[in-house]
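# Structural features, examined
Each chain is listed here by its residues.
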Amino acid sequence: MKRIAVFPGSFDPITIGHLDIVKRSLPLFDEIVVAIGNNSAKKYFFPLAKRLELLKNIFKEEEQVSINAYEGLTVDFCKSENAQFIIRGLRSSTDFEYEKTIALFNKELKGGVETIFMASSPQYSHISSTVVREILKYGGDVSSFVPKEIATIVV
Ligand code: ADP
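Now for a description of the structure that goes with this document. Bear in mind that the values here come from a model prediction, so they are computed numbers and not experimental data.

## A closer look at a nonpolar patch on the surface
Judged by side-chain polarity, Leu73, Phe105 and Leu109 come together as a nonpolar surface patch covering roughly 280 Å² of accessible area. Tracing the backbone shows Leu109 in the loop between α4 (93-108) and β5 (114-119). A relative accessible area of 32% means that Leu109 is categorised as partly exposed.

Okay, structure coming up:
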């Protein structure tokens, strides 16, 4: 059986921290679905279509990686993709406390899925989409924090 993992997130926008987690997860799985969990009630900085376009562009050479978006429960989306695993990155103990709760729910819910945590590489552990958005808002240079495709699109 193929080992399929979903890497869910907002990716608003994707950063080199996210990219690092996907790259380091590649040897562990046959397929990785990088999936934008879209909440229609939430306001995003980049529209869904733009976030999808950026992800597709960034991973276009990577045969093991596909891009998708979903609304609703991550476990339901995993089922639709035949994925047995969820990947989440951990930057800090705050991330861990929050993620642990979600992971336990995702295991316990009907069709429960196992979450695999990957510790952030130390050089990226301070990078977040939130800070990147803040820098972009004030016209700052985010090129050291995001894949080069994004730097050329929005800077
Ligand atoms: P969400 O809104 O679901 O937290 P994000 O796009 O912010 O979505 O993050 C998606 C995943 O990537 C989360 O597991 C998050 O902890 C992880 N992540 C975000 N930034 C980094 C980073 N710099 N290093 C490692 N993991 C990260």
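Read on, since the account is not over.
## Here we look at the pattern of salt bridges
Counted under the stated rule, the structure contains 11 salt bridges. In this structure, Asp30 engages Arg3 in a salt bridge whose closest nitrogen and oxygen atoms are separated by 3.7 Å. Within this pair, whereas Asp30 is found in the loop between α1 (16-25) and β2 (31-37), its partner Arg3 is found in the segment before β1 (4-9), the two being separated by 27 residues in sequence. The class of Asp30 is partly exposed, set by a relative accessible area of 31%. Arg3 sits in the partly exposed class, given a relative accessible area of 37%. Its salt-bridge partner being Lys137, residue Glu134 comes within 3.5 Å of it at the nearest N-O pair. Remark: Lys137 and Glu134 occur in helix α5 (residues 129-137); sequence separation between them is 3 residues, near one turn of the helix.

The rules behind these values
- Residues numbered from 1 in each chain as written.
- Predicted model: local features only at pLDDT ≥ 70, side-chain atom pairs only at ≥ 80, totals over all residues.
- Heavy atoms only, no water.
- Patch = residues over 30% accessible without salt bridge, like charges linked within 9 Å, V, L, I, M, F, W, Y side chains within 5 Å.
- Areas by Shrake-Rupley, 256 points an atom, 1.4 Å probe, with all protein chains shown as cover.
- Salt bridge = Lys/Arg side-chain N within 4 Å of Asp/Glu carboxyl O.
- Helix = DSSP H or I, 4+ residues; strand = E, 2+ residues; numbered from the N terminus.
- Buried < 20%, exposed > 50% of the residue type's maximum accessible area, 1.4 Å probe, protein only.

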